[in-house]
Amino acid sequence: MKTARFVLTLLVLSLVAPLQSAKAADVICYNCPPEWADWASMLKAIKADLSYDIPHDNKNSGQALAQIVAEKSNPVGDIGYFGVTFGMKAKTQDALEPYKPAKWDQVAPGLKDADGYWTAIHSGTLGLFVNKDALGGKPVPACWKDLLKPDYKGMVGYLDPSSAAVGYVGAVAINMALGGSVANFDPAITFFKELRKNDPIVPKQTSYARVVSGEMPILLDYDFNAYRAKYSEKGSFEFVIPCEGSVTYPYVVGLVKNAPDKDKAKKVLDYLLSDKGQAIWTNAYLRPARPIELPEAVKKKFLPDSDYTRAKNVDWGQMETMQKGFVDRYLAEVR
């Protein structure tokens with residue numbers, strides 16, 4: 001009898017705990033992982049300044065959008081954070097509602113939806129995040145094509161481009177750098193086919209910790225994650241903008257349609273674009289969405305501006321229209 005009562009108590013607690021956790025959160029942000037873009041520091045600052053609890057959420061852009069769409073009839077999330085192409089998809093799938101945060105007018109037209117469905121909060125440059133200690137004496141790769149060398153077999157990782165925004169950005173960067181175009185993804189498909197012979201690691205979620213641990217010596221990732229490791233982790237880390245070139249990519253936020261805590265969510269969105277919010281992003285080595293200069297102490301930690309000339313801006317609206325075609329080819333021909 002006691003055993004049955006104990007089991008029943010555990011069952012009740014297991015059902016109540018998630019409800020208590022949900023109630024404890026003031027705002028739910030889908031895809032705000034602590035290891036990515038230093039959301040951990042941002043959420044701490046929001047707690048300190050707005051007194052709002054926002055739980056960490058380890059989704060990627062595609063998973064966040066899928067959950068928001070699945071919950072349309074009974075929304076749970078308040079804010080979605082996406083790579084810009086997924087922000088565009090969220091608008092077309094009626095997953096967001098318009099809101100123009102404070103200082104929205106200072107964000108460049110190419111970094112926001114004209115009606116306020118999504119707004120960039122920061123951007124990153126795609127390249128190679130390298131754990132030099134884990135290379136086993138091999139040189140730090142300087143170019144995309146270096147990753148195809150047998151020396152790096154089993155050492156290269158990239159996020160799944162069929163799901164994660166950074167995965168698709170990597171594909172775009174490689175494609176444009178190796179001679180492709182908006183209408184021609186052959187170079188990227190060929191590259192990933194060749195890379196498959198080198199046994200790449202292809203996770204779906206951000207893999208910062210796996211690079212830091214040495215499990216994944218080379219990851220196609222953004223400068224801000226590589227700089228974070230270089231200046232805050234034990235070990236030797238490097239960021240490389242490949243010799244053939246790369247791209248810069250904005251990350252955006254949007255208000256979930258019929259968000260349960262809409263007023264609080266709006267204040268959070270305001271905070272992300274505020275002077276203090278934008279400064280927090282620069283401390284995490286991200287380029288702010290508003291025209292704010294990087295602090296000199298931060299700028300010194302970036303690669304020289306001459307290296308960044310290899311990173312180009314592309315029309316992500318066009319790239320969004322081509323994403324499904326690339327993903328279909330990737331799934332059919334590479335994975």
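Quick summary incoming for the structure in this document. Predicted model only: the values in this text are computed from it and were never measured.

A short note on the state of the cysteines
Point 1. Per the counting criterion, the structure on display carries two disulfides.
Point 2. Here cysteine 29 connects covalently by a disulfide to cysteine 32, the sulfurs 2.0 Å from one another.
Point 3. According to the relative accessible area criterion, cysteine 32 is buried, its value standing at 0%.
Point 4. In this model cysteine 143 forms its disulfide with cysteine 243; the gap between the sulfur atoms is 2.0 Å. For the disulfide bridge between cysteine 143 and cysteine 243, the dihedral angle about the S-S bond is near 125°, and by the sign convention the bridge is right-handed. Here cysteine 243 lies in the loop between strand S7 (237-240) and strand S8 (246-256) and cysteine 143 lies in the loop between strand S4 (119-131) and strand S5 (156-157), a separation of 100 residues in the sequence.
Point 5. Of the residues examined, cysteine 243 reaches a relative accessible area of 42% and is grouped as partly exposed.
Point 6. Across the chain, the way the bonded cysteines pair up, counted in sequence order, is 1-2, 3-4.

Considerations on the layout of surface pockets
Point 1. Empty space within the largest pocket amounts to approximately 320 Å³.
Point 2. Lining the largest pocket are 23 residues; nearest its centre among them are Gly110, Leu111, Ser123, Pro250 and Asn313.

Focus on the nonpolar core
Point 1. In this structure, Trp39, Tyr81, Phe192, Leu272, Trp316 and Phe326 are the most contacted members of the largest nonpolar core, which totals 107 residues.
Point 2. The greatest single-element share of this core, amounting to eight residues, is contributed by helix H5 (residues 165-177).

A closer look at the packing of aromatic side chains
Point 1. Taken as a whole, this structure holds 26 aromatic pairs when the rule is applied.
Point 2. Ring centres of tyrosine 227 and tyrosine 285 lie 5.9 Å apart, and the angle between their planes is 65°; this geometry places the pair in the edge-to-face category. Residue tyrosine 227 is found in helix H8 (residues 223-232), and its partner tyrosine 285 is found in the loop between helix H10 (275-283) and strand S9 (287-288); the two are separated by 58 residues along the sequence.
Point 3. An aromatic cluster of at least three residues, connected via ring pairs, comprises Trp36, Trp39, Tyr81, Tyr222, Phe224, Tyr249, Tyr251, Trp281 and Trp316.
Point 4. If you follow lysine 112 out to its NZ or CZ, it ends over the ring of tryptophan 104, 3.7 Å from the centre.
Point 5. Sitting over the face of the ring of tyrosine 208, arginine 228 holds its NZ or CZ atom 4.0 Å from the ring centroid.

Some thoughts on the pattern of salt bridges
Point 1. Across all of its chains, the model carries 24 salt bridges by this definition.
Point 2. For aspartate 146, the salt bridge identified is with lysine 149, shortest N-O distance 3.2 Å.
Point 3. With a relative accessible area of 15%, aspartate 146 lands in the buried category.
Point 4. For lysine 149, a relative accessible area of 40% puts it in the partly exposed group.
Point 5. Here lysine 153 and aspartate 199 are joined by a salt bridge, their closest N and O atoms 3.9 Å apart. Taken together, the residues lysine 153 in the loop between S4 and S5 and aspartate 199 in the loop between helix H6 (186-196) and helix H7 (208-213) connect sequence positions 46 residues apart.

Some words on the side chain of aspartate 221
Point 1. By secondary structure assignment, the location of aspartate 221 is in strand S6 (residues 218-222).
Point 2. Look at aspartate 221: it is buried, it has no salt bridge, and the nearest opposite charge is arginine 228 at 8.5 Å.
Point 3. Within the structure, the side chain of aspartate 221 is placed 3.1 Å from the side chain of asparagine 225, a separation counted as a polar contact.
Point 4. Excluding anything up to four places from it in sequence, aspartate 221 contacts Trp36, Thr125, Leu126, Gly127, Leu128, Phe129, Val166 and Phe239.

Quick notes on helix H9 (residues 262-273)
Point 1. Taking 1.5 Å per residue as the helical rise, H9 with its 12 residues ought to reach 16 Å, and the 17 Å between its terminal C-alpha atoms agrees with that figure.
Point 2. For H9, the complete set of buried residues consists of Ala265, Val268, Leu269, Tyr271, Leu272 and Leu273.
Point 3. For H9, the elements touching its buried residues are helix H2 (39-50), strand S2 (79-83), S4, S8 and H10.

Thresholds, definitions, all that
Residues numbered from 1 in each chain as written. Predicted model: local features only at pLDDT ≥ 70, side-chain atom pairs only at ≥ 80, totals over all residues. Heavy atoms only, no water. Disulfide = S-S within 2.5 Å. Buried < 20%, exposed > 50% of the residue type's maximum accessible area, 1.4 Å probe, protein only. Helix = DSSP H or I, 4+ residues; strand = E, 2+ residues; numbered from the N terminus. 1 Å grid on protein atoms, 1.4 Å probe; cavity = no way out; pocket = protein on both sides within 12 Å on 5 of 7 lines; lining within 4 Å. Points joined across faces, edges and corners; volume = space filled by probe spheres on them. Core = buried A, V, L, I, M, F, W, Y, C linked by side-chain atoms within 4.5 Å. Phe/Tyr/Trp six-rings, centres within 6.5 Å; stacked < 30°, edge-to-face > 60°. Lys NZ or Arg CZ within 6 Å of the ring centre and 35° of its normal. Salt bridge = Lys/Arg side-chain N within 4 Å of Asp/Glu carboxyl O. Lys, Arg positive; Asp, Glu negative; His and termini not counted. Polar contact = N/O pair within 3.5 Å; in protein donor to acceptor, adjacent residues only side chain to side chain. Contact = heavy atoms within 4.5 Å. Expected span 1.5 Å × (residues − 1).

All quantities given are derived from atomic positions and should not be read as evidence of function.
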